[in-house]
Structures are given as structure tokens and as C-alpha cells.
Amino acid sequence: IKEFEELAKFVHARCNELNGRQFYILRLAADFLQKTDPIAATLLYRKMIDVVLNKAKSKYYDHAAKDLEKCGTLDSKIEYWGALESHREYLKSIEIKHKKKISFWFEYTSVLQKKY
């Protein structure tokens, strides 16, 4: 548990410096942090989502869609976002910025439908 606490502190302090293209490391860390620090996990998922959408890496849209769904699930565990953008705000901002990435939004809708 102590290592996860240190990892969460690191993510909160240095998230902006992390490379969102390091999917294997970031996704593993985010998956571990889901239970102990949902905000830190969300920050890592967002880092990976942003890289995929900003670079229009369509072959990774399915992963980004799953990460976005995880962010939505984690949102229910977060009571206070502080200065950070809430999930609703983040989702709205990427909907506006990446509205033309129809393949991504199709993947995201598919992920949501499979969940329910």
C-alpha cells in the first residue's frame, strides 16, 4: 500500500511531465490506483486519452474509449475535484475539441453499450 501511496503522490505532483505515449506503464499504474486514488488513476487515463486523440491515432481509439469509460466509472468515487477538471467538464471539452473523430466516438458508444 505504501508504494501505491507514493505512486499517487507522484502522479498528482508530476502528471504534466509524464509521457502519455507510455501506455503499458501508465495503464498498469492507473489500473492499480483505481481503488486507492481514483483521481490519480483518472489523470493517468486522461494522459493516454489525450495523446491518442491529439495525434489522431485511430488504431488506439478502442483503448482510449475504454480509458474514457473507466474515467466515467471512477467519477462516481470522486467527491471533490479541487482545481482539477471534473469528468463532466473533461468529457465536454474533448467532445468539442475532437467532435470530428467519429470513429473514436463510435468506439466509446460501443464500450458504454457493452457495459450496460
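Starting afresh in each chain, residues are numbered from 1 along the sequence in its written order. Since the coordinates come from a predicted model, pLDDT governs what is reported: local features require at least 70, and pairs of side-chain atoms require 80 or more to be given and counted, while whole-chain, interface and lining totals use all residues. To get the side-chain values, all heavy atoms of the structure are used, and hydrogens and water are removed first.

### What to know about the confidence of the model for the chain
Here is step 1 of the chain: Every residue carries a pLDDT, the predictor's confidence in it, which falls somewhere between 0 and 100. Summing up the model confidence of the chain, the mean pLDDT is 94 and the portion of residues at 70 or higher is 98%.
Here is step 2 of the chain: Across the chain, element-level confidence peaks in helix α5 (residues 87-97) with a mean pLDDT of 98 and bottoms out in helix α1 (residues 2-14) with 89. For helices the rule is a DSSP run of H or I covering at least 4 residues; for strands it is a run of E covering at least 2, with both sets numbered from the N terminus onward.

### Considerations on the packing of aromatic side chains
For any pair of aromatic rings, the description consists of the separation of the ring centres together with the inter-plane angle of the planes.
Here is step 1 of the chain: Between the rings of Phe, Tyr and Trp (Trp by its six-membered ring), a pair exists once the centres lie within 6.5 Å; its type follows the angle of the planes, with under 30 degrees stacked, over 60 edge-to-face, and the other angles tilted. Applying the stated criterion to the full structure yields 6 aromatic pairs.
Here is step 2 of the chain: Ring geometry for Tyr-61 against Phe-104: centres 5.7 Å apart, planes inclined by 80 degrees, an arrangement best described as edge-to-face. One end of the pair, Tyr-61, is in helix α4 (residues 61-75); the other, Phe-104, is in helix α6 (residues 102-115), with 43 residues separating them in the sequence.
Here is step 3 of the chain: Buried residues are those whose accessible area, probed at 1.4 Å on protein chains only, stays under 20% of the maximum for their type, while exposed residues exceed 50% and partly exposed ones sit between those limits. With a relative accessible area of 7%, Tyr-61 lands in the buried category.
Here is step 4 of the chain: A ring pair is formed by Phe-104 and Trp-105, whose centres lie 4.8 Å apart and whose planes are at 75 degrees; its orientation type is edge-to-face. For the pair Phe-104 and Trp-105, a shared accessibility class is recorded, and that class is buried.
Here is step 5 of the chain: Aromatic ring contacts, followed pair by pair, group Tyr-61, Phe-104, Trp-105 and Tyr-108 into a single cluster.

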